[in-house]
Amino acid sequence: MANGSAVAPAGAGAASGTRGEPRERAILSAVIDLLGEAGYAAMTMDAVAARAHASKTTIYRRWPGKAELVRAAVDTYIAARVAGPHDTGSLRGDLLAVMQAMGGHLTPDFTAMMSGLVHAMRTDGELAASLRSMFDRDAAAEQIIGRAVRRGELPAPDAARLASLVHEVIEAQVFRQLISTAGFDDAFARHVVDDIIVPLLAGTTALRGPRNNRKER
């Protein structure tokens, strides 16, 4: 048992954690503000500490470096703006719900911040290593496909591959829409879901099944 643990008052750890939550939120919010104002290269731990009214010791105790702090701030920011994928009862409904939420999430300030981080990743290996998995995986797509598998709408063995496909398609279509500055309305959401994703998932699972069956014979 670690020194001091035996004499700590009951509930002290929980109380300390509760008190630390507002401080953590202030630090992560300061990071987002400074990224938007100055960009990653110009953002310093001193500036974050000053903006959040926190000590650098407090920051480094929780995050070992600037890259990890930025990753935590971006993750928290996205989670606060995009609620977990709502279970609508169908694969199509879940996909539409996510696409319809894009408009409120992809604000000009957010896209400018993320563009700046992508640019910084090209020259900062530590930042690239910290953020890469955020671009490679899509928790929302994994949850949607997982629910579709449990409903029997999609085959379980293909879940990981299909979630990756959904992520790639949405990412590509969103990027295309941002470049064209066409906006994110219901028509765009239905186009991506009904004309691209649903037919793709139906086609790829139908085509994959016979090949797998032939291999097993």
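Residues numbered from 1 in each chain as written. Predicted model: local features only at pLDDT ≥ 70, side-chain atom pairs only at ≥ 80, totals over all residues. Heavy atoms only, no water.

Enquirer: Tell me about the packing of aromatic side chains, residues and numbers included.
Expert: Each pair of aromatic rings is reported with the distance of its centres and the angle of its planes. Following the criterion strictly, the structure yields two aromatic pairs and no others. For the pair Y77 and F110, a centre-to-centre distance of 5.7 Å together with 15° between the ring planes defines the contact as stacked. Within this pair, whereas Y77 is found in helix α4 (residues 66-81), its partner F110 is found in helix α6 (residues 108-121), the two being separated by 33 residues in sequence. Note on F110: relative accessible area 5%, which makes it buried. The ring of Y40 carries K66 above its face, with NZ or CZ at 4.2 Å from the centroid. (Phe/Tyr/Trp six-rings, centres within 6.5 Å; stacked < 30°, edge-to-face > 60°. Helix = DSSP H or I, 4+ residues; strand = E, 2+ residues; numbered from the N terminus. Buried < 20%, exposed > 50% of the residue type's maximum accessible area, 1.4 Å probe, protein only. Lys NZ or Arg CZ within 6 Å of the ring centre and 35° of its normal.)

Enquirer: I'd like a description of helix α7 (residues 125-136), backed by residues and values.
Expert: The terminal C-alpha atoms of α7 lie 16 Å apart, and with twelve residues this matches the ideal 16 Å at 1.5 Å per residue to within 8%. The set of residues buried in α7 consists of L127, A128, S130, L131 and M134. Where α7 starts, the residue carrying a side-chain oxygen 3.1 Å from the main-chain nitrogen of E126 turns out to be D124. (Expected span 1.5 Å × (residues − 1). Polar contact = N/O pair within 3.5 Å; in protein donor to acceptor, adjacent residues only side chain to side chain.)

Enquirer: Could you give me a rundown of the environment of A72, with the residues and numbers involved?
Expert: Within the secondary structure, A72 sits in helix α4. As for A72 and L131, which are separated by 59 residues in sequence, their C-alpha atoms are 9.6 Å apart. When near neighbours in sequence (up to four residues on either side) are disregarded, A72 contacts L28 and W63. (Contact = heavy atoms within 4.5 Å.)

Enquirer: Please give an account of the pattern of salt bridges that cites residues and values.
Expert: According to the stated counting rule, one finds eleven salt bridges in the structure shown. One salt bridge connects K56 with D46, and the closest N-O pair in it is separated by 2.9 Å. Here K56 is found in helix α3 (residues 56-62), whereas its partner D46 is found in helix α2 (residues 45-52), with ten residues between them in sequence. Linking D158 and R161 is a salt bridge whose minimum nitrogen-to-oxygen distance equals 3.2 Å. Overlapping salt bridges bring together D87, D94, R147, R151 and E153 as one network. (Salt bridge = Lys/Arg side-chain N within 4 Å of Asp/Glu carboxyl O.)

Enquirer: Any chance you could break down the environment of A41 for me, citing the residues and the numbers?
Expert: With respect to the helices, strands and loops of the structure, A41 is situated in the loop between α1 (12-38) and α2. The class of A41 is exposed, set by a relative accessible area of 74%. Put simply, A41 and G116 are 75 residues apart on the chain and 9.4 Å apart in space, counted from C-alpha to C-alpha.

Enquirer: Any details on the layout of surface pockets? Residues and values, ideally.
Expert: A water-sized probe, rolled over the atoms, reveals where empty space remains. Quantified by volume, the second largest pocket comes out at close to 230 Å³. Residue lining of the second largest pocket: 15 residues in total, with I32, L35, G36, D109 and M113 positioned closest to the centre. Ranked by residue count, the leading element in the lining of the second largest pocket is α6, at seven residues. Among the residues making up the lining of the second largest pocket, the classes are represented as ten nonpolar, three polar and two charged. (1 Å grid on protein atoms, 1.4 Å probe; cavity = no way out; pocket = protein on both sides within 12 Å on 5 of 7 lines; lining within 4 Å. Points joined across faces, edges and corners; volume = space filled by probe spheres on them. Nonpolar A, V, L, I, M, F, W, Y, C, P; charged D, E, K, R; others polar.)

Enquirer: Give a detailed account of the nonpolar core, specifying residues and quantitative values.
Expert: Proteins that are soluble and globular tend to have nonpolar side chains buried together. In this structure, V48, L69, V70, L117 and L127 are the most contacted members of the largest nonpolar core, which totals 56 residues. A total of seven residues in this core trace back to one element, the largest contributor, which is α1. (Core = buried A, V, L, I, M, F, W, Y, C linked by side-chain atoms within 4.5 Å.)

Enquirer: Tell me about the side chain of Q177, and please be specific about residues and values.
Expert: Here Q177 lies in helix α9 (residues 159-180). The class of Q177 is buried, set by a relative accessible area of 9%. In this structure Q177 touches A182, G183, F184 and F188, once residues within four positions along its chain are discounted.

All quantities given are derived from atomic positions and should not be read as evidence of function.
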